[in-house]
Amino acid sequence: MEAESEPYVRLATMRQLHQAVADLNTARSLADTLQTVADGIVTGLGYELACVNLVRPDGDLVVAAFAGNSAAEALITGRVGSRTSWERRLSMGESWDELCFIPHTDGWVLLDDDVPQWHTEGPEPRFEDEWHPQDRLYAPMYASGGGRDLLGVISVDRPRNGRRPGSWGREALQMYASQSAIAISNARLRANMQRALVRLEREQQALRASEESFRQAFEYAPSGMAIAEMGGDQHGRLLRTNDALCRLLGRPASVLRRYSFADLVHPEDVGTLLRTSAEGGRAELRLGRRDGTYLWVSLRNSVVADTTDGPRFLLTHVEDIEERKRHELHLAHRASHDALTGLPNSAELRARLGARLCERPYSTATTAVEAMDAAYGDVEDMDARMHGFRADGFEADAVAGGGPYDHHVHAVAPDSEQDDGTKGLAVLFCDLDGFKSINDRFGHHTGDAVLIEVARRLTTCVRDGDTVARLGGDEFVVLADGLGAADAADLAVRLRNAIIPPIRVDGRAVRVGASFGIGWASCGMTAEEVLRSADQRMYVEKRSRSKVHRRAG
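Residues numbered from 1 in each chain as written. Predicted model: local features only at pLDDT ≥ 70, side-chain atom pairs only at ≥ 80, totals over all residues. Heavy atoms only, no water.

(A) Structural detail: the overall build of the protein. Regarding its fold elements, the protein presents 20 helices and 18 strands. Residue burial in the protein is summarised as follows: out of 553 residues, 44% are buried. Counted over contacts in the protein with a minimum sequence separation of 6, partners at least 24 positions apart contribute 60%. Counting every atom, the protein has about 28800 Å² of accessible surface; 50% of that belongs to carbon and sulfur. (Helix = DSSP H or I, 4+ residues; strand = E, 2+ residues; numbered from the N terminus. Buried < 20%, exposed > 50% of the residue type's maximum accessible area, 1.4 Å probe, protein only. Contact = heavy atoms within 4.5 Å. Areas by Shrake-Rupley, 256 points an atom, 1.4 Å probe, with all protein chains shown as cover.)

Quick look at the structure:
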């Protein structure tokens, strides 16, 4: 079973990877982009050394950027390795999906080829997956567009944990190499476009040649490009689109000329589009396709200006990032959910519970006048609040506590002694009875199958909107809002009865019981305090029943 701390490690790795990918889009030039790629490996992916080898026009690969060791950087930056030697390396060793790993036991034959390299001697590995100083790991970068044109190769060395990367690390490196290839291609494209735009402005005599250069770069760009009108009644209307953008949105150029990006953007992303500045603006949003679906894209805007008349039109670069967004969502789900059961994990449970709590305890007004004062404040300072200020002269929004327009719904704990009709957020802490003996007798395979089935049964017994989470081991937590004390007790009985029936695993029937403790989320408490309260009540309930009774549920 997965260690409880692993989701936190994965979440931290995902955040570092996301930041490293985001940094790729901040580089201003191709050289900056290449160095950012190398630096991102060291700062975001946990390697001490990283080298970016870029394919030259003649096909050979040059060391374009290095990170992690200044002496190695000075020695090999700018040196060239032949395409033949690189192809030989990428065909050797072990294939880890798109990655190529050459262990030190096989790489000795490469010590004398012409590929620039930096290595140190070291002892033999002490365990199977320990990293050796002469191990080699390469991440090829291919040009976008669906082909297999090699753009360059990222080589990494010395993982900080001293081990060969596992599946999670390999997936992160492969994703980073893919995004690096896109960033390098975009940097080259932007450089070409900027050179064309400079020629249009400075070289009036070569206007026709510059226009043709711009047209070809625009029309044959592998990603979407658009020119939109600036100023006037038709501001933002698309004047020209290339074939890549037409294919991306599933609309012909003649139809796209009727729209602006504001007409095509997803309603939830209109604000993002409006906040994007015209010059140098960049945004990630969704654009509508002809079939009614929406596609995630990255928009980058540049203003093409006339030296005398000012801005003339807006040049927009549209990059398809649907796959990256889908992968980010997948990684986020894996980081916030239990790998075995698919339920929200401990971190996600605490996040959801904490979102319902605030630091201010809820107090019930005893009279109608107190209720009005609690909702709207005193009559004396009502006028000041309506104008955004309190009676003492301070801004109302600056005062802690929210003021009369605080829309937070306070979590209130019902009276545990009697059901007074109060509804609250119930926290049911579940601990399985007899699970350890199943694990000890039949092994972890059977134990895992029992946990998966218990998770399924708990999920089918709750309402849409309720949360069933695995806290760790054989402990589960259910969050159910809008329940009274009697409702929560009934729910605990239903959940226990759902767990009791035998569970068949590999032709064998096993049974577990369950002990439930019912706690209540209340503003003024922390998520840890709420869970601790429910946990303590569960142990009280467990001790109150005999061992035989616990096994029977």
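(B) Quick peek at helix α17 (residues 444-460). The end-to-end C-alpha distance of α17, which contains 17 residues, comes to 24 Å, matching closely the 24 Å that a straight helix rising 1.5 Å per residue would cover. Looking at α17, one finds that the buried residues are Thr446, Gly447, Asp448, Val450, Leu451, Glu453, Val454, Ala455, Arg457 and Leu458. (Expected span 1.5 Å × (residues − 1).)

(C) Layout of the packing of α17 against helix α18 (residues 485-499). Between α17 and α18, the shortest axis-to-axis distance is 9 Å and the interhelical angle comes to 145°. Read as a crossing pair, α17 and α18 show a hand that is right-handed. Residues Val454, Arg457 and Leu458 of α17 touch α18, and the partners they reach there are Leu495, Ala498 and Ile499. Of the residues in the contact of α17 with α18, the class split is five nonpolar, no polar and one charged. (Axes fitted to C-alpha atoms, helices over the stretch in contact; angles between N-to-C directions. Left-handed = near helix turned anticlockwise from the far one by under 90°. Nonpolar A, V, L, I, M, F, W, Y, C, P; charged D, E, K, R; others polar.)

(D) Structural context of the sheet that holds strand β18 (residues 513-521). If you trace the four strands from one edge of the open sheet to the other, you get β14-β15-β13-β18, paired in antiparallel fashion. Strand pairing shows two members of the sheet lacking a second neighbour, β14 (467-472) and β18, which therefore form its edges. Across this sheet, the average inter-strand angle for adjacent strands is 25°, counted without regard to direction. In terms of strand pairing, strand β13 (residues 424-433) meets strand β15 (residues 475-483) through seven bridges, oriented antiparallel. Bridged to Leu428 within β15 is Val478. The strands that helix α19 (residues 527-543) touches are β13, β15 and β18; relative to β18, the one it contacts most, it runs at about 140°. (Pairing = 2+ DSSP bridges.)

(E) Seen up close, the packing of aromatic side chains. One pass over the full model with this rule turns up three aromatic pairs. Ring geometry for Trp96 and Phe101: centres 4.6 Å apart, planes at 10°, overall stacked. This pair shows no difference in class: Trp96 is buried, exactly as Phe101 is. On the basis of an interplanar angle of 55° and a centroid distance of 5.9 Å, the ring pair of Phe101 and Trp131 is categorised as tilted. Residue Phe101 is located in strand β5 (residues 99-102), and its partner Trp131 is located in the loop between α5 (104-107) and β6 (136-142); the two are separated by 30 residues in the primary sequence. (Phe/Tyr/Trp six-rings, centres within 6.5 Å; stacked < 30°, edge-to-face > 60°.)

(F) Structural context of the environment of Ile41. Relative to the helices and strands, Ile41 resides in helix α2 (residues 30-44). On a C-alpha basis, the gap between Ile41 and Asp157 in space is 10.0 Å, while along the polypeptide they are 116 residues apart. Residues in contact with Ile41, not counting those within four places in the same chain, are Gly46, Tyr47, Leu49, Ala50, Ile154, Val156, Leu173 and Tyr176.

(G) The arrangement of the packing of helix α16 (residues 435-442) against α17 in detail. Put simply, α16 and α17 touch, their axes get as near as 7 Å, and they point 145° apart. Residues Phe435, Ile438, Asn439 and Phe442 of α16 form the contact with α17, whose own contacting residues are His444, Thr446, Gly447, Val450 and Leu451. Of the residues belonging to the contact of α16 with α17, the class tally is five nonpolar, four polar and no charged.

(H) Seen up close, the sheet that holds strand β4 (residues 94-96). Taking strand neighbours across the sheet as the criterion, the seven strands line up as β3-β2-β1-β7-β6-β5-β4 in an open arrangement whose pairing is antiparallel. One side of each edge strand has no neighbouring strand; the edge strands of this open sheet are β3 (80-81) and β4. Bridge count for strand β1 (residues 47-55) against strand β7 (residues 150-159) is seven bridges, and the pairing is antiparallel. Bridge assignment links Ala50 to a residue of β7, and that residue is Val156. The sheet contacts of α2 involve β1, β2 (61-67) and β7, and relative to β1 the element is tilted by about 155°.

(I) Representation of unusual backbone geometry in the model. Phi angles above zero are rare outside glycine, and Arg158 is one such case at about 60°. Following the sequence through the fold, Arg158 ends up in strand β7. We classify Arg158 as partly exposed; its relative accessible area is 27%. Although it is not a glycine, Asp506 sits at a positive phi angle of roughly 55°. In this structure, Asp506 sits in the loop between β16 (503-505) and β17 (508-510). On the basis of relative accessibility, which here comes to 62%, the residue Asp506 falls in the exposed class.

(J) Inspection of the side chain of Arg89 at higher detail. Inspection of the secondary structure puts Arg89 in helix α4 (residues 83-90). For Arg89, a relative accessible area of 1% translates into the label buried. In this structure Arg89 touches Cys100, Ile102, Leu110, Asp113, Val115, Gln117, Arg136 and Tyr138, once residues within four positions along its chain are discounted.

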